[in-house]
Amino acid sequence: MSEDYSETSVVEAALDAQLRKMPSRVSCTIDFGADGKHFGLMTVPHSRNESAWGSIQIPIICARNGSGPTLLFTAGLHGDEYEGPIALMKLARDLDPGALQGRVIITPTLNLPAIRAATRLSPIDGRNMNRVFPGNRDGTVTEVIAHYVHTELLPMADAVVDIHSGGKTLDFVPSAVMHYLDDSMLMDRTLAAVKAFGAPVGLILRELDNQGMLDTAVEDMRKLFISTELGGSGTSTARSITIAERGLKNLLRHFRLVEGKVETPEAAGHPPTRMMQTPDGDCFTLVKHAGILEMTVDLGAAVEEGQLLGRIHDYEEPAQPPVPYYARKSGMLLSRHAPGLIQRGDCMAVIATDIPPSGPADLYEQG
Ligand code: CA
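Residues numbered from 1 in each chain as written. Predicted model: local features only at pLDDT ≥ 70, side-chain atom pairs only at ≥ 80, totals over all residues. Heavy atoms only, no water.

A.B. asks: Got a minute to help me understand a nonpolar patch on the surface in this structure?
C.D. replies: The grouping of Ile292, Tyr315 and Leu341 at the surface amounts to a nonpolar patch, some 290 Å² of accessible area in total. The residue Ile292 is located in strand β13 (residues 291-295) in this model. (Patch = residues over 30% accessible without salt bridge, like charges linked within 9 Å, V, L, I, M, F, W, Y side chains within 5 Å. Areas by Shrake-Rupley, 256 points an atom, 1.4 Å probe, with all protein chains shown as cover. Salt bridge = Lys/Arg side-chain N within 4 Å of Asp/Glu carboxyl O. Helix = DSSP H or I, 4+ residues; strand = E, 2+ residues; numbered from the N terminus.)

Okay, here's the thing in structure tokens:
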């Protein structure tokens, strides 16, 4: 009895095959093949006590003119980050499809339930949308949305730009972000796009844990992906929005979807994009104390190894001296804990270092 062709296994195999082919449970009103600009909705079934047969309706915009590359702009995977939603909604309204050569797909608020709640994670299932890719057709709401992006939107895209910020608990020197890639041609193309974005910092990093990220899903398809960290503290600033809007427009020009030259930061009177990295764990300061955080270095400032970064004050015990935290690396303060209170285990500071003049070729050696 070596063959197992019992009736059950045949039925199970057929069901498996059927499931694999089953389309997303998200329905979308956009005809991605149509020229012109269209504001539409991705409807996710969400039946609940307050709404039988209810749904979540996530905005999506598609602008297309003739043939050309497809650029997918996403934001709002985390619901407490604002530069992406603001800049992408403005871009969607301003885009003149007649001036396009190709297609732009925009989802300004992909994790809409988290946007409504102003939370990083979805309030419905507690999931981090940037850790659930490739998603699951039959999973939770967050997984169902990710599955739609993975099976329907990513296959159409030539390049994906995912706009993030630090959210409520981190603040960043505005940065365009990319990963070290083993594919050197894709690495070069991605580096060029990061530079074209024109943020104050271009950050190249290797994720400690890239499982489930949109980044990883796109890179696994051998497509170009860049992300950003444009600010944070659970709000946006005039400066961070300006950087976001300039970056998005620059990418449209860089990928030749619209005519015109990329506007460099220098042209606007700012320093050129500073290419930086976070080469090892010493860049990250995770704290072992709770209390009130007093930073002694501001974002963007130069720091020397051994320099005081900040102190944590025990507000229950004012007689106790605060606990000092020192830089374990020389570089620049790229990111800091945003709220005034800090808890044990929180990330207090991130220090980035300049990429050596020997250039990106060295980067492939990074661990
Ligand atoms: Ca984020």
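A.B. asks: Sorry if this is basic, but what is going on with the pattern of salt bridges here?
C.D. replies: Where charged atoms from two side chains of opposite charge approach closely, those side chains can pair. In this structure the tally under the stated criterion is 10 salt bridges. Residues Asp138 and Arg137 are paired through a salt bridge, measuring 2.5 Å at the closest nitrogen-oxygen approach. Among the residues examined, Arg137 registers a relative accessible area of 14% and is labelled buried. (Buried < 20%, exposed > 50% of the residue type's maximum accessible area, 1.4 Å probe, protein only.)

A.B. asks: Hey, could you run me through the pairing of strand β6 (residues 159-163) in this one?
C.D. replies: Consecutive side chains along a regular strand alternate between the two faces of the sheet. With five of five residues buried, β6 lies mostly within the body of the structure. Covered by surrounding structure in β6 are Ala159, Val161 and Ile163 together with Val160 and Asp162, the residues of both alternating faces. The pairing of strand β4 (residues 70-75) with β6 spans five bridges and is classified as parallel. Residue pairing in the sheet places Leu72 in a bridge with Val160 of β6. As defined by bridge partners, β6 adjoins strand β10 (residues 224-229) across four bridges and the pair is classed as parallel. Paired with Val161 across the two strands is Ile226, which belongs to β10. (Pairing = 2+ DSSP bridges.)

A.B. asks: Please clarify how the pairing of β13 should be interpreted in this entry.
C.D. replies: Of the strand pairs in this sheet, β13 and strand β18 (residues 341-342) are connected by two bridges, and their pairing is antiparallel. Looking at β18, one finds that Ile292 is bridged to Leu341. Inspection of the sheet shows β13 paired to strand β15 (residues 308-313) by four bridges, in the antiparallel sense. The residue of β15 that forms the bridge with Glu294 is Arg311.

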